[in-house]
Amino acid sequence: MKIIEAAKRMNRTLLEMHIGMLFFGLLCQVAGALIIARGGHGAFQGKYALSLWFGVAFAFAGSIHMCRTLDRALLSGANAAGMVTRGYLFRYFLLAGVLVLVTLTDTLNPLVFFLGYMSMKVTAYLQPITHKLCNKLFHEEDPIPLSEEELAAQEGEIPAGQ
């Protein structure tokens with residue numbers, strides 16, 4: 001169970017994003033394989049799979065870069081907004097450059113590559129599901145939020161009713 005122990009040490013949100021990306025990639029792979037098999041384009045299957053998983057891998061790298069950028073920005077203080085903006089622009093222009101390169105070389109399908117990259121966006125919608133899955137996997141529960149009275153008591157205030 002070394003994998004689970006390593007996953008527990010990983011940034012939890014990033015882990016949940018990566019699980020969501022893998023799930024979306026698998027879903028797209030199965031759907032694409034069914035569509036391609038029905039259409040009789042067997043030669044396109046390899047290019048589809050390569051394009052999709054290259055896009056998912058690029059989304060993995062983008063999510064790691066985003067996480068590191070946010071961590072550095074939170075520690076920097078006043079320059080945080082500029083750091084986040086530069087990180088976003090870097091990822092945006094890198095994606096645009098790779099899309100141009102993929103389109104010009106015709107090695108991968110640019111639309112399928114972009115579909116794989118969009119797994120990062122779909123992950124935001126899958127996050128509640130992956131969060132529950134990770135909680136079950138790690139045998140954890142989310143903390144119960146404190147009521148207003150409990151928060152006031154923690155801060156040393158006397159509740160209004162007493």
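See above for the structure.
The structure contained in this document is the topic of the report that follows. Predicted model, so just to flag it, every value in this text is computed and none were measured.

Assignment of secondary structure puts Leu95 in helix H4 (residues 80-105). Looking at Leu95, the relative accessible area reads 10%, which means it is buried. Taking the C-alpha atoms as reference points, Leu95 and Gly62, 33 residues apart in sequence, are found 9.2 Å from one another. Residues within four places of Leu95 in sequence aside, it is in contact with Phe58, Phe113, Phe114 and Tyr117.

Scanning all chains against the criterion turns up two salt bridges. Residue Glu16 pairs with Arg12 through a salt bridge whose shortest N-O separation is 3.1 Å. Placement of the pair is Glu16 and Arg12 together in helix H2 (residues 12-39), with a separation of four residues, close to one helical turn. By relative accessible area, Glu16 is classed as buried at 2%. One salt bridge in this structure joins Lys47 and Asp106, with 3.4 Å as the shortest N-O distance. A residue pair is termed long-range when its members are at least 10 positions apart, and Lys47 in helix H3 (residues 44-76) and Asp106 in the loop between H4 and helix H5 (110-117) qualify at 59 residues. What makes Lys47 partly exposed here is its relative accessible area of 26%.

A contiguous nonpolar patch, built from Tyr88, Leu89, Tyr92 and Phe93 and spanning about 450 Å² of accessible area, is present on the exposed surface. Mapped onto the fold, Tyr92 is located in helix H4.

This brings us to helix H6 (residues 119-137). The α-helix winds at 3.6 residues per turn, so residues separated by three or four positions along the chain end up facing the same way. In this model, H6 (19 residues) spans only 22 Å end to end at C-alpha, well below the 27 Å of a helix rising 1.5 Å per residue. Within H6, the axis deviates most sharply at Leu126, by approximately 65°, and proline Pro128 lies no more than four positions further along. Taken as a whole, H6 has its buried residues at Ser119, Met120, Thr123, Leu126, Thr130, Cys134 and Asn135. His139, located one to two residues past H6, shows a positive phi value of around 55°.

Take the packing of H4 against H5 next. Each pair of packed helices gets described by two things: the angle between the helix axes and the distance between those axes. At a minimum axis separation of 9 Å, H4 and H5 run at an interaxial angle of 150°. Relative to H5, the element H4 lies roughly antiparallel. At the point where H4 passes H5, the crossing takes the right-handed sense. Contact with H4, carried on its side by Leu95, Val98, Leu99, Val102 and Thr103, involves Pro110, Phe113, Phe114 and Tyr117 of H5 and no other residues of that element. Classifying every residue of the contact of H4 with H5 gives eight nonpolar, one polar and no charged.

The rules behind each value
- Residues numbered from 1 in each chain as written.
- Predicted model: local features only at pLDDT ≥ 70, side-chain atom pairs only at ≥ 80, totals over all residues.
- Heavy atoms only, no water.
- Helix = DSSP H or I, 4+ residues; strand = E, 2+ residues; numbered from the N terminus.
- Buried < 20%, exposed > 50% of the residue type's maximum accessible area, 1.4 Å probe, protein only.
- Contact = heavy atoms within 4.5 Å.
- Salt bridge = Lys/Arg side-chain N within 4 Å of Asp/Glu carboxyl O.
- Patch = residues over 30% accessible without salt bridge, like charges linked within 9 Å, V, L, I, M, F, W, Y side chains within 5 Å.
- Areas by Shrake-Rupley, 256 points an atom, 1.4 Å probe, with all protein chains shown as cover.
- Expected span 1.5 Å × (residues − 1).
- Bend = angle between axes of the 7 residues up to and from the residue.
- Axes fitted to C-alpha atoms, helices over the stretch in contact; angles between N-to-C directions.
- Parallel < 35°, antiparallel > 145°, perpendicular 65-115°, else oblique.
- Left-handed = near helix turned anticlockwise from the far one by under 90°.
- Nonpolar A, V, L, I, M, F, W, Y, C, P; charged D, E, K, R; others polar.

This is a description of form; function is not addressed.
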